[in-house]
Amino acid sequence: KSANRSDCDLNPYKAITNKFQNTHRQPFILLDQLNAILTAQYKIRQDECDESSRSWLDKEAMKMAHEFMDIAKSTFQKSSSIDKGGRDCNSTLFIPRDQLFRNQLLQDTKIHFARAVSLYYASKDYKLCVHWSDLLYNVLKINSTQVSLEEEDALLNQVLSVKAFSQSMSGDEATAMKTAREAWETSKVKTVDGLVNLFHCGVRHEMKFSSGDTMLEFDNACNELLSARHQAAGVDEIISAFPRMSNSCVENEVGGGGSLLLSTQERWLSMLLRSSTFQENLKDRKNIEPPGGHSLFEILRAYLQNFEHIMSTRKDRNRVCQHSEALVRNLDGVLKLLCRVRERKQHKKSGRRKKKVSEFKLIWDDPATNKLLGDRADCVWTAEQLWNIGNLLMAEDTTSTIGVVRRFASDSFAASHDFCIFSEEEEGAILSKGYLNYDTKYNSENLSFPLFCGTNADKPFCDISSEFSAQCLLLSSATALDYASNCLDQPKCEAENRVRQALHRLSLAQDEFRVNCENEIQKKEVEKMIALLSLRALLGIGNDLLGADILQANGLSEALLDIHQEELGQPSGFSTLLNVKATSDLAEEKKMQITARILLRMCAKMLSLTGKFVLTVGHFDLSLGSIQRKLITIASSTKDVIAVYEDVDLAAKQHRDKGIEFYSEDELNWLIIEAYNRGVHLSLLGDFASSESLFSTGLNLLPLGGIELQCHAKEMRTALSNAVTNKLAAADPNYVVPGIG
């Protein structure tokens, strides 16, 4: 209706109101008039009439509501005082007629005011909704015998929640947050709807003021809710509410979702994995909808997509570590659940899996598994997505977090491998036991290490791996070693455990490549990469004997020598040699003496293969004489010393025959003197065989030494002769010493 009409036409209730003014019927007439205005408002909004008519009716309705409250206030106060009386108000026998009118008026007021709140809430007129919520809240606070205290508390908190939501949507986020907290804290019965409203107001408040406490308040509210009711039922109710909270993040965060959405998805996934109802349904193969109506992989896919989006756009760099840690934790939870699914019992043909698909059953062939978890395509997609995420984390260049980010990248690649394996898992067969990284991630008792000589007969044959899964393990190992080398501020045991896990992954990758890779050139390059990574890992395992065992028993030293021989003549012909020398020096610093000696001996062999006694690379000089001198100095046994001198003797022979490069004069003089001194010492100890060897080598080197040593030739020959004689005499007591001349 137009605002230009007469006052009588606009307000047909005026005559009736004047007639019954100051009577108990006047509030009912005003309330009926308010109801008529609200009906007209509903009709106008439904017909999409002009804005002026709607605005005029809004003002009239609010004006009428305040006029009604001014008149009805005294009536409600009388009602409240009667309710507090001592008589039995629950019996209609003792209720006066006036009180019946008051109770009826109070109930009608609640109905019409609630109708107004609902109208403006549905119409998204949030400012008016706030005003009507205040009016309704004041009415509900009036004591009434018609509802219980629990119902009254629930109604009050529902109105406060609506008010908080409306304040938030109307732009008053700060006040809305206070109202939402009041609604939650004063509620005697915590509800999921109240939790969702608190979360929504928190999201809008954080978007405006960057408060950063939304998820903290959500976690505290969740704990309160779960402690107030049965754990399983509470978890399932919260899970069912996560779609609404996710939508709130999408609608209010910049770009359709960011860090808050990711945090919400993290908790959604974590809570679904904790749900006992979900796990029991999966175990019993119940083909029903999961809590919240979304399968596990539907949530996981959305979560991983958002994680990749945040990382690729470099949003919230300060929370990279926090989100990455939650990612690894949730991935471990999913893998643990998949292990349980794999180990379920089923009726199937005996024997191992064959090539024909019809003769075996994957875990993804079960309808209940598809309903609750997802299908095989979801598992494959997850493996590929984790590969992408791992590469994104590798590209993260935040200096302060680079070490930690490498750890998360390593875990991401390892999880990608496991999901790839699970996509082909047969239910009940456990064919890949020992090939899942998750199987040994938290159990370091059954770790294996790369083997470069022969094959490990104790390992099962894994026929469901692939080159992709092996590449995941390689990258995981490399990034784990990057992390271990940068985590100097972390506990020593953590770094050592990481390195051992990396070696175990290298062992698995080695086996998977040998099974799946048909390109011999590629296979050879992979073996080379595994050998070099294993060399890098030696220093981090924290065990000298284990490092030496990997070098010798597992064939790593021979593999490195083969790599060095292949590199000779190439531009990078000395890279392996320099790596071995650097690793030896670091091993000595870390008090890994056995490992250091083996590496230094290997370095001497590599340098001798080059035909050079002094190798200059840039500003770095590497001398064979200095290496062998150090080997003799740190040798732990006579056998090691003699082995070094045998190499020196061989080099002297080649020098005489071919005229190749040789030791410097100072190096030769030291080697000759040390051989003589050690020979004398061993003779005094009765080890004549060893002293003979050292004297013999010293005499062979003497003509090549300095002039100042030549005068000692007679003494050295005499010492050698005595050593030979004493050796023969010790071997045969009847031996007669011949004359010397």
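Residues numbered from 1 in each chain as written. Predicted model: local features only at pLDDT ≥ 70, side-chain atom pairs only at ≥ 80, totals over all residues. Heavy atoms only, no water.

The secondary structure content of the protein chain amounts to 32 helices and two strands. Intrachain contacts of the protein chain at a sequence separation of at least 6 include 71% that bridge at least 24 residues. Here the protein chain has roughly 36,200 Å² of accessible surface; of this, 52% comes from carbon and sulfur atoms. (Helix = DSSP H or I, 4+ residues; strand = E, 2+ residues; numbered from the N terminus. Contact = heavy atoms within 4.5 Å. Areas by Shrake-Rupley, 256 points an atom, 1.4 Å probe, with all protein chains shown as cover.)

Turning our eyes to something else, we now look at the packing of helix H22 (residues 520-537) against helix H24 (residues 556-567). Between H22 and H24, the least distance of the axes is 10 Å, while the angle of their chain directions is 120 degrees. Viewed along their axes, H22 and H24 adopt a mutual orientation that is oblique. Every pair of crossing elements has a handedness; the one defined by H22 and H24 is left-handed. Along the contact surface, H22 presents Lys524, Lys528, Ala531, Leu532, Ser534 and Leu535, while H24 presents Leu556, Ala559, Leu560, Ile563, Glu566 and Glu567. Its residues assigned to classes, the contact of H22 with H24 comprises seven nonpolar, one polar and four charged. (Axes fitted to C-alpha atoms, helices over the stretch in contact; angles between N-to-C directions. Parallel < 35°, antiparallel > 145°, perpendicular 65-115°, else oblique. Left-handed = near helix turned anticlockwise from the far one by under 90°. Nonpolar A, V, L, I, M, F, W, Y, C, P; charged D, E, K, R; others polar.)

With that settled, the discussion passes to empty space enclosed by the protein. Summed over all chains, the structure comprises three cavities of 30 Å³ or more. The volume enclosed by the largest cavity comes to roughly 70 Å³. Around the largest cavity, the lining residues are Val328, Leu331, Asp332, Leu335, Asp411, Ala414, Ala415, Asp418, Asn437, Tyr438, Lys441 and Arg505. Among the secondary structure elements, those contributing two or more residues to the lining of the largest cavity are helix H15 (320-342), helix H18 (402-422) and helix H19 (437-441). Of the residues contributing to the lining of the largest cavity, the split by class is six nonpolar, one polar and five charged. (1 Å grid on protein atoms, 1.4 Å probe; cavity = no way out; pocket = protein on both sides within 12 Å on 5 of 7 lines; lining within 4 Å. Points joined across faces, edges and corners; volume = space filled by probe spheres on them.)

Here we take up helix H17 (residues 376-394). Between the first and last C-alpha of H17 there are 27 Å, a value that for 19 residues agrees with the 27 Å anticipated at 1.5 Å per step. Turning to H17, its buried residues are Asp378, Cys379, Trp381, Thr382, Ala383, Gln385, Leu386, Ile389, Gly390, Leu392 and Leu393. Two to three positions downstream of the cap, the backbone nitrogen of Ala377 sits 3.2 Å from a side-chain oxygen, assigning the N-cap of H17 to Asp375. (Expected span 1.5 Å × (residues − 1). Buried < 20%, exposed > 50% of the residue type's maximum accessible area, 1.4 Å probe, protein only. Polar contact = N/O pair within 3.5 Å; in protein donor to acceptor, adjacent residues only side chain to side chain.)

Further remarks concern the packing of aromatic side chains. Any pair of aromatic rings gets described here by the distance separating the centres and the angle formed by the planes. According to the stated counting rule, one finds 16 aromatic pairs in the structure shown. Here the aromatic rings of Tyr676 and Phe695 are separated by 5.8 Å at their centres, their planes lie at 50 degrees, and the arrangement is tilted. A residue pair is termed long-range when its members are at least 10 positions apart, and Tyr676 in helix H29 (residues 665-685) and Phe695 in helix H30 (residues 688-701) qualify at 19 residues. Above the face of the Trp184 ring, Lys190 is positioned so that its terminal group lies 5.0 Å from the ring centre. Taking NZ or CZ as reference, Arg301 lies 4.3 Å from the ring centre of Trp381, over its face. (Phe/Tyr/Trp six-rings, centres within 6.5 Å; stacked < 30°, edge-to-face > 60°. Lys NZ or Arg CZ within 6 Å of the ring centre and 35° of its normal.)

Enumeration according to the criterion identifies 29 salt bridges in this entry. The shortest N-O distance in the salt bridge between Asp366 and Arg285 comes to 3.6 Å. You can see Asp366 sitting in the loop between H15 and helix H16 (367-372) and its partner Arg285 sitting in the loop between helix H13 (276-283) and helix H14 (296-312), a full 81 residues away along the chain. Taking the relative accessible area as the measure of exposure, Asp366 reaches 6% and is therefore buried. A relative accessible area of 27% means that Arg285 is categorised as partly exposed. For Asp332, the salt bridge identified is with Lys441, shortest N-O distance 3.1 Å. (Salt bridge = Lys/Arg side-chain N within 4 Å of Asp/Glu carboxyl O.)

The backbone of Lys124 shows a phi angle near 65 degrees, a positive value even though the residue is not glycine. With phi around 65 degrees, Lys591 is a residue other than glycine that occupies positive phi space. By the secondary structure assignment, Lys591 is in the loop between helix H25 (575-589) and helix H26 (593-609).

Let us look at the environment of Glu496. Relative to the helices and strands, Glu496 resides in helix H21 (residues 492-516). Separated by 41 residues in sequence, Glu496 and Ala537 place their C-alpha atoms 9.4 Å apart. The contacts of Glu496, once residues within four sequence positions are left out, are Gly540, Ile541 and Gly542.

Structurally, Glu266 is set in helix H12 (residues 259-274). The exposure class assigned to Glu266 is buried, which follows from its relative accessible area of 7%. Non-local contacts of Glu266, meaning those with residues more than four positions away in its chain, are made with Tyr303, His323, Ala326 and Asn330.

To continue, consider H29. Between the first and last C-alpha of H29 there are 30 Å, a value that for 21 residues agrees with the 30 Å anticipated at 1.5 Å per step. Just beyond H29, the residue with positive phi is Gly686, at close to 90 degrees.

We now examine the environment of Asp378. Counting through the fold element by element, Asp378 comes out in helix H17. Each C-alpha atom of the pair Asp378 and Leu296 lies 9.9 Å from the other, and the pair is 82 residues apart in sequence. Of note is the side chain of Asp378, whose polar atom sits 2.7 Å from the side chain of Arg301.

With respect to the helices and strands, the residue Thr576 is situated in helix H25. We classify Thr576 as buried; its relative accessible area is 0%. In terms of polar contacts, Thr576 uses its side chain to reach the side chain of Glu567, at 2.8 Å.

So, on to the confidence of the model for the protein chain. Any region with low pLDDT has predicted coordinates that should not be read closely. The share of residues in the protein chain with pLDDT of 70 or more is 82%, and the mean pLDDT across the chain is 82. Low pLDDT, under 50, characterises residues 1-6; the predicted model gives this stretch five contacts beyond four residues in sequence or across chains. Taken together, the stretch residues 347-359 has pLDDT below 50 and engages in 14 contacts with residues farther than four places along the chain or on a different chain. (pLDDT = per-residue confidence, 0-100.)

Orientation of H12 relative to H15, taken along the N-to-C sense of each, is 25 degrees, at an axis distance of 10 Å. In terms of their interaxial angle, H12 and H15 are classed as roughly parallel. Between H12 and H15 lies a crossing of left-handed hand. Of H15, the residues touching H12 (which contributes Ser259, Leu262, Ser263, Glu266, Leu269, Ser270 and Leu273) are His323, Ala326, Asn330, Gly333, Val334 and Leu337. Tallied by class, the residues present in the contact of H12 with H15 amount to six nonpolar, six polar and one charged.

Next up on the list: the environment of Tyr442. Its location among the elements puts Tyr442 in the loop between H19 and helix H20 (467-486). Linking Tyr442 and Asn497, residues 55 residues apart in sequence, is a C-alpha distance of 9.8 Å. Side-chain polar atoms of Tyr442 contact the side chain of Asp332, separated by 2.3 Å.

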